[in-house]
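Inside the fold
Chain by chain, the residues:
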Amino acid sequence: MLPPPFSEKMPSKAEPGKPLYARKPQQRQRPMADKREMEGERKLHPTRQRPGAGGRGVAAAAVAPPEPRAPRDITLTEGITIRELAEKLDVRAKDLLKTLLDRGVFASINQALDVQTATDLAQSFNGVVSVVSLEEEMVLEVAKEETKENLKPRPPVVTVMGHVDHGKTSLLDAIRKEDVAAGEAGGITQHIGAYKVQVGEKSVVFVDTPGHEAFTRMRARGAKVTDIVVLVVAADDGVMPQTREAIDHAKAANVPIIVAINKIDKPEAQPERVKRQLSDLGLMPAEWGGETEFVEVSAKQKKNLDKLLEIILLVADLRELKANPDAPASGTVLESRVDKGRGPVATVLVQNGTLNNSDFFIVGSVFGKVRAMFDDHGRPVKIAPPSTPVEVLGLQGVPEAGDHFQVTDEAKARHVVEFRQSKQRDAALRASAGSRITLDQLHEQLKAGEVKELPIVIKADVQGSAEVLEEMLPRLSTDQVKLKIISAGVGTVTENDILLASASGAIVIAFGVRPDRKAQDLAQQEKVDIRTHNIIYEVSDEIKKAMEGLLEPVFQETYVGRAEVRNTFRIKGSGTVAGCYVQDGVIKRDSQIRVMRDGAVVYTSKLSSLKRFKDDVSEVRTGFECGLGIANFNDVKVGDILECFQVTKLSAAEAAAQGSSAARK
């Protein structure tokens, strides 16, 4: 037994069901977040309440719901990035990325969005969206900064419109003292030309539009950029269909019309009849109490041209035409083409601002930098103020005629152009499908009910012609066949065009251009049909004839044989007879003969005689000698090669059948 001091220090024996040691007293807990704030403690960082913390009887702090965002008006352009959208919405970019990720879309902060995705994303953050193009956005920004002090008078833009062969270009030539009509194919204007004419201290810009019915779209574009329309009507012809169409375009554009009654020098001219016809269409002459000015002119005799210019300037002064020359340049592409040695060239009408050398610009899906500018006389210029037509060099591609031309920031222009080009490539890939066909095979397959669609690749000298063909040809579609334009471009026919036509089974329409040598060889190898034309009527006529089975007969040449001239004999009354050795094939009496000397064709004719020794024969085969005479040709020499061939006249159906059998072989 332990002594008393030790027994007192020993713990007492634990009772049954109770712990041996007593629990320590509970320590003082740290105050909750809301309690600390009430006690005056500064809150440095947001604290998250842990479930169960704080012991019993302590209620969790209530989290207030987020306040709804106020509606925010924003404008969206195509190809907007997530970073730019976040700046417009005034939100964090990672919130937009999280929203896209929740929808199953993986994106980076600099990724371009299409319009629909960007609109849905902005609306989820209470954004009120209005979609505009980059060019429209630039125009809106310039309009906000414009004041009355910035606006200065500008020359009027006058569009000359009317029916084909009524003398529109001749009238403009007389004003400009130039001769443009003589250089047009078929005597008709097929392009848009813009010219600046000086009238005293003032100037007038003229836009000449084609009058043929196929160029409706080009005339509509001319009316869109114009301030005044000069309607040319021939005094000996009167009002025609395209005259009415030009009036409709001018009224739709809400621009004043000045009527120029041309060809009054002709004996059969009837100006009063023209006035009566136009008054029935709503153009009442001013001398009859109406509002439309009429001027009787003669482009051939240059009569009353000064009066016409005076009326144009008077109408322009009444309209008070102004523009801001200090703004970034903007305008419209009137025409575009590929110039050999200079690359893509665009005829641009500057409508607002001043265009300078080295400006970066965007036009449709084409980006560029102004490398050089030329006026309508071909003289280089450094600046182009408002209402000035210029030719611009420095484009990276051929723009569409009618596209808006806008000077803008280089980085933004490149970004938008890349986005637009990617969309165009996707559309082109979807459009390329089908089976190969030629125009000669079209009618035969129509009879068999095999053709449902005829793909066409268009290459033209200028963009306006390509655009017109692209609009005109699908109108020729019938119930049996549908014409489908898979590509329309400017410039010579290249290997890429042939490959596209080969892959999609299309024919190539070359308007005003020719295929280069490599493209021609590739077309023969791939059996792609290329049709070349210079006048708009010919294209539509050939397509119609092909669809109706009215193509002209095909003359097919067949090789028969070849012989070498080894001696020549002069025979009185018969001319020169060639002693020949047949190297290949057969020389036939009823065939045609081609004389070849040093690889070049010297003469082509028929055989006048064919003999084996002294006997007349119908044919001589390989390895035998013969004497032959060539009709109307006595200059045959030793060493010449005589190539024998036959020409067969085939119908379109027979040519199509032979082509299909050759393709199968």
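Quick note: structure is the one above.
If you're wondering where the values come from, they're calculated on a predicted model, not measured in any experiment. (Residues numbered from 1 in each chain as written. Predicted model: local features only at pLDDT ≥ 70, side-chain atom pairs only at ≥ 80, totals over all residues. Heavy atoms only, no water.)

What follows deals with the pairing of strand 32 (residues 625-630). Across the 6 residues of strand 32, 5 count as buried, placing the element largely inside the fold. Where strand 27 (residues 575-588) and strand 32 come together, 5 bridges link them in antiparallel fashion. Within strand 32, the position partnered with Cys580 by the bridge is Cys626. In this structure, strand 29 (residues 600-612) lies alongside strand 32, joined through 4 bridges in antiparallel fashion. Among the inter-strand pairings, Leu607 is bridged to a residue of strand 32, identified as Ile630. (Buried < 20%, exposed > 50% of the residue type's maximum accessible area, 1.4 Å probe, protein only. Helix = DSSP H or I, 4+ residues; strand = E, 2+ residues; numbered from the N terminus. Pairing = 2+ DSSP bridges.)

The contact between helix 3 (residues 82-89) and helix 4 (residues 93-102) brings their axes to 9 Å, and the two run at 115°. Our pair here, helix 3 against helix 4, has a crossing hand that is right-handed. Together, Ile82, Leu85, Ala86 and Leu89 of helix 3 and Ala93, Leu96, Leu97 and Leu100 of helix 4 make up the contact between the two elements. Class assignment of the residues belonging to the contact of helix 3 with helix 4 gives a composition of 8 nonpolar, no polar and no charged. (Axes fitted to C-alpha atoms, helices over the stretch in contact; angles between N-to-C directions. Left-handed = near helix turned anticlockwise from the far one by under 90°. Contact = heavy atoms within 4.5 Å. Nonpolar A, V, L, I, M, F, W, Y, C, P; charged D, E, K, R; others polar.)

Two side chains of opposite charge can pair, provided their charged atoms sit close to one another. Applying the stated criterion to the full structure yields 21 salt bridges. Glu564 serves as the salt-bridge partner of Arg566, at 3.9 Å between the closest nitrogen and oxygen. Ionic pairing is found between Arg594 and Glu643, a salt bridge with its closest N-O pair at 2.7 Å. Residue Arg594 is located in strand 28 (residues 592-597), and its partner Glu643 is located in strand 33 (residues 641-650); the two are separated by 49 residues in the primary sequence. Of the two residues, Arg594 and Glu643, neither departs from the other in class, the shared state being buried. Taken together, the shared-partner salt bridges connect Glu272, Lys275, Glu287 and Glu296 into one network. (Salt bridge = Lys/Arg side-chain N within 4 Å of Asp/Glu carboxyl O.)

Quick look at the nonpolar core now. Counting residues in hydrophobic clusters, the biggest one holds 27 residues, and the most contacted among them are Leu171, Phe206 and Ile312. Sorting the residues of this core by element identifies strand 6 (157-162), helix 7 (168-176), strand 7 (193-199), strand 8 (202-208), strand 9 (228-234), strand 10 (257-262) and helix 11 (305-319) as the ones contributing at least two each. By residue number, the principal contributor to this core is helix 11, which donates 8 residues. Residues Leu607, Cys626, Val636 and Leu642 belong to the second largest nonpolar core, which totals 20 residues. (Core = buried A, V, L, I, M, F, W, Y, C linked by side-chain atoms within 4.5 Å.)

Residue position: Ser591 is located in the loop between strand 27 and strand 28. Residue Ser591 is classed as buried on the basis of its relative accessible area of 2%. When near neighbours in sequence (up to four residues on either side) are disregarded, Ser591 contacts Val560, Lys606, Leu607, Cys644, Phe645 and Gln646.

The element strand 22 (residues 453-460) is extensively covered by neighbouring structure, given that 7 of its 8 residues are classed as buried. As paired elements, strand 22 and strand 23 (residues 482-490) share 8 bridges and run parallel to each other. Paired with Ala460 across the strands is Val490, a residue of strand 23. With 5 bridges joining them, strand 22 and strand 24 (residues 507-511) adopt parallel strand pairing. Pairing of Val457 across the sheet is with Val508, part of strand 24.

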